[in-house]
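Structural characterization, general
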Amino acid sequence: MEYIDRKKKMGEVAGIMMDYVENKKTHQTDKTMTVPTRSYTDPEQFEAEIERIFKTVPLMLAFTAELPNNGDYKAMEAVGMPILINRDKKGKVRAFLNVCSHRGAPVAEEGRGNCPVFVCKYHAWSFGQDGRLMGVAEQGTFGKVDKAERGLKQLPCEERGGMIFVCLDPDGEIDLDDYFQGYLGDFEDLDFANWHYVGSRTIHGANWKIAFDGYLEGYHFSSLHPETIHPRTPSNCMHYEGFGPSMRIGFPQHEISTLLNDVPEEEWGTRENYGYDFVRILFPNVSIFVAPEITQVAQLFPGPTPDRNRTVLNYLRRDPPKDEEDAQALEQYCDFFRNVTYEEDYVIGMEIQKGLESGAHEALIFGKNERGNQYFHEWLNWYVAGDQDAPKPEM
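In what follows, the accompanying structure is described. (Residues numbered from 1 in each chain as written. Predicted model: local features only at pLDDT ≥ 70, side-chain atom pairs only at ≥ 80, totals over all residues. Heavy atoms only, no water.)

1. Things to note about the side chain of arginine 248
- Turning to its location among the elements, arginine 248 is positioned in strand E15 (residues 246-252).
- Arginine 248 sits in the buried class, given a relative accessible area of 2%.
- At a separation of 2.8 Å, a polar atom in the side chain of arginine 248 contacts the side chain of aspartate 186.
- A polar side-chain atom of arginine 248 sits 2.9 Å from a polar atom in the side chain of glutamate 241.
- Setting aside residues no more than four positions away along its own chain, arginine 248 makes contact with Lys9, Met10, Tyr183, Asp186, His239, Tyr240, Glu241, Phe243, Phe278, Val279 and Arg280. (Helix = DSSP H or I, 4+ residues; strand = E, 2+ residues; numbered from the N terminus. Buried < 20%, exposed > 50% of the residue type's maximum accessible area, 1.4 Å probe, protein only. Polar contact = N/O pair within 3.5 Å; in protein donor to acceptor, adjacent residues only side chain to side chain. Contact = heavy atoms within 4.5 Å.)

Okay, structure coming up:
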């Protein structure tokens, strides 16, 4: 899709959301959907999700803004796997398993940095930015080593729209155009690649799907967020669009009609955060809320057990801090968003986990108004089933 088409579509969605607010309506499908409780507790289900989803599809693991310079790297863990992402001296981004080919130790400590060569701290074997084994410590006593066969294990990786996507299967493939169905154009329009990375906060919660379900609807805003979200955004008023398994969720503001009243209709699509907000969902585990002050990008990682998840809350802004006072204000925004997410969403998620493990009910039910949750679980079931010929879910 071209830029003008996306903005036109967003303008159309703004008009739909205005109608929702004025007439107390929301996006609805034609049926409810049940999901077995064991989907959130069963170890076999958990392992199937890791193997058939998280180790198969493109995962958004880093931002261009985290690795802006040649030689920058990020070492991290994703679903138990040690990952190393770096930008080489020519500016190309690569991803590897952060595992030395000698005895399996990491070649880079978890975190971010800049270096021309990765050196394993165990025995000082060294690897280039392209993953090639460059040096074996005291090779004269070690013996013959075929360096061409002893490089770091490379992972499929592609940088697009200010984000870095990695497939955790070394033999896998990445086709972002097919997977995202034009959705990444949103981030190109936002010039996301040139934003400033502020920092991150890490929180822990219940099963990853319990946590993620909360990002997919606003049905709970008035009851769970009466003082933080609901004063700006009405409860149970959402609009959903599907892009492959990913989604864009529109949330109108209470004052959308007033705010857009004097704006020409052809410009409605340019007024994000002025009358309405979008939450951009990247299947299977990323939620992006572009706010006026700061943008929160949540990455949810399952585990280490079925009843737990680790969520990294990343914060970005269009421009770097103007001064120390501005930098401190940004940190306060990060803390605010982190606290709302954890204290108002993740705490109840852990209570839900206990409830599901009690055996009180065999299944959960998602309403006709919770189409985003239904769509997410339909795609999750499609991947776990492993039948590539089965019809794909449609919004």
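2. Let's talk about the packing of helix H6 (residues 208-215) against helix H9 (residues 324-357)
- Across the interface, H6 lies against H9 with an axial gap of 9 Å and an inter-helix angle of 135°. Judged by the inter-axis angle, H6 sits oblique to H9. Crossing geometry of H6 relative to H9 is assigned as right-handed. Here Ile210, Ala211 and Tyr215 of H6 lie close against H9, whose contacting residues are Thr341, Tyr346, Gly349, Ile352, Gln353 and Leu356.
- Looking at the contact of H6 with H9 residue by residue, the classes come out as six nonpolar, three polar and no charged. (Axes fitted to C-alpha atoms, helices over the stretch in contact; angles between N-to-C directions. Parallel < 35°, antiparallel > 145°, perpendicular 65-115°, else oblique. Left-handed = near helix turned anticlockwise from the far one by under 90°. Nonpolar A, V, L, I, M, F, W, Y, C, P; charged D, E, K, R; others polar.)

3. What about the nonpolar core?
- Judged by nonpolar contacts, the single largest core of 82 residues is most densely connected at Leu61, Ile83, Ile85, Met163, Leu168, Ile249 and Leu282.
- Broken down by element, the residue count for this core peaks at seven residues, all from helix H10 (residues 371-385).
- Apart from residues lying up to four places away in sequence, leucine 168 is in contact with Phe54, Lys55, Leu59, Leu61, Ala78, Val79, Met81, Ile83 and Leu155.
- Judged by nonpolar contacts, the second largest core, of 17 residues, contains Val107, Phe118, Val145 and Leu152. (Core = buried A, V, L, I, M, F, W, Y, C linked by side-chain atoms within 4.5 Å.)

4. Topic: the state of the cysteines
- In the structure shown here, the tally under the stated rule is zero disulfides.
- With no disulfide of its own, cysteine 157 lies 11 Å from the sulfur of cysteine 167, the closest cysteine sulfur. (Disulfide = S-S within 2.5 Å.)

5. Some details on H9
- Taking 1.5 Å as the rise per residue, H9 with 34 residues should run 50 Å; its terminal C-alpha atoms sit 47 Å apart, in good agreement.
- At tyrosine 346, H9 shows its strongest bend, of approximately 30°.
- Along H9, the residues that are buried comprise Asp326, Leu330, Cys334, Phe337, Val340, Thr341, Glu344, Tyr346, Gly349, Gln353 and Leu356.
- The residue sitting at the N-terminus of H9 and contributing the capping side-chain oxygen is aspartate 323; that oxygen lies 3.2 Å from the backbone nitrogen of glutamate 325.
- Backbone geometry just after H9 places glycine 359 at a positive phi near 80°. (Expected span 1.5 Å × (residues − 1). Bend = angle between axes of the 7 residues up to and from the residue.)

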